[in-house]
Each structure stands twice: as structure tokens, then as C-alpha cells.
Amino acid sequence: MDHFTLELAREAKRLELTAGGEDNDPERLLAFATFVLSELAARGLIPDERPAIGCWAAPRSTGN
């Protein structure tokens, strides 16, 4: 499993989302969608409508 997949799983768990869960809170789903889209844009996989210059210039720290 790659790092991005693990990040997505952690965020979904943090937001207490379930696959196909009809009881998922719409605000939590929106937060997850925003997270996914920002991560995809940060990786250059989709266009970023409002890029921040230098925002992703260096690899992210894996520590605190």
C-alpha cells in the first residue's frame, strides 16, 4: 500500500467515515473531499485553482 493511500485511510478514520455509509455526516464528507482534492493538487495530479507560490516547494516533514 502506498503512502497516499495510508494518508487517505487515516483521514477517513479520523473523520469517522465509512464506505457506503448512509449515516456519514455531510460536513465530514466535505472535509474529506477537500482533503483529497488538496492532496491531489499538491502532488500536481489535478489543477489548483488558487496555487500558493512555494507552498509545496519542499517535501513534507513526516515528524512533528
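Residues numbered from 1 in each chain as written. Predicted model: local features only at pLDDT ≥ 70, side-chain atom pairs only at ≥ 80, totals over all residues. Heavy atoms only, no water.

J.: How should helix H2 (residues 26-42) be read in this particular structure?
T.: Because each turn of an α-helix spans 3.6 residues, side chains separated by three or four positions in sequence point in the same direction. Here H2 is 17 residues long and its end C-alpha atoms lie 24 Å apart, about the 24 Å a rise of 1.5 Å per residue gives. Within the span of H2, buried status applies to Phe 35, Val 36, Glu 39, Leu 40, Ala 41 and Ala 42. On the buried face of H2, the contacting elements are helix H1 (3-14). With its phi angle positive at about 75°, Gly 44 sits one or two positions after the end of H2. (Helix = DSSP H or I, 4+ residues; strand = E, 2+ residues; numbered from the N terminus. Expected span 1.5 Å × (residues − 1). Buried < 20%, exposed > 50% of the residue type's maximum accessible area, 1.4 Å probe, protein only. Contact = heavy atoms within 4.5 Å.)

J.: Before we go on, may I ask you to explain the packing of H1 against H2 in this structure?
T.: To describe two helices that pack against each other, one gives the angle between their axes and the distance between the axes. Viewed as axis vectors pointing N to C, H1 and H2 meet at an angle of 160°, and their least axial separation amounts to 10 Å. Of the possible angle classes, the one that applies to H1 and H2 is roughly antiparallel. Between H1 and H2 lies a crossing whose hand is right-handed. In contact with Phe 4, Glu 7, Leu 8, Glu 11 and Ala 12 of H1, H2 contributes Phe 32, Phe 35, Val 36, Glu 39 and Leu 40. Of the residues that constitute the contact of H1 with H2, the class distribution is seven nonpolar, no polar and three charged. (Axes fitted to C-alpha atoms, helices over the stretch in contact; angles between N-to-C directions. Parallel < 35°, antiparallel > 145°, perpendicular 65-115°, else oblique. Left-handed = near helix turned anticlockwise from the far one by under 90°. Nonpolar A, V, L, I, M, F, W, Y, C, P; charged D, E, K, R; others polar.)

J.: Whenever I open this one, the pattern of salt bridges confuses me. Can you help?
T.: Side chains bearing opposite charge may pair, as long as their charged atoms lie close to each other. Applying the stated criterion to the full structure yields four salt bridges. Salt-bridge contacts for Arg 28 lead to Glu 16; the nearest nitrogen and oxygen are separated by 3.1 Å. In this pair, Arg 28 sits in helix H2 while Glu 16 sits in the loop between H1 and H2, placing the two residues 12 residues apart along the sequence. Residues joined by salt bridges that share partners form a network here, namely Glu 7, Glu 39 and Arg 43. (Salt bridge = Lys/Arg side-chain N within 4 Å of Asp/Glu carboxyl O.)

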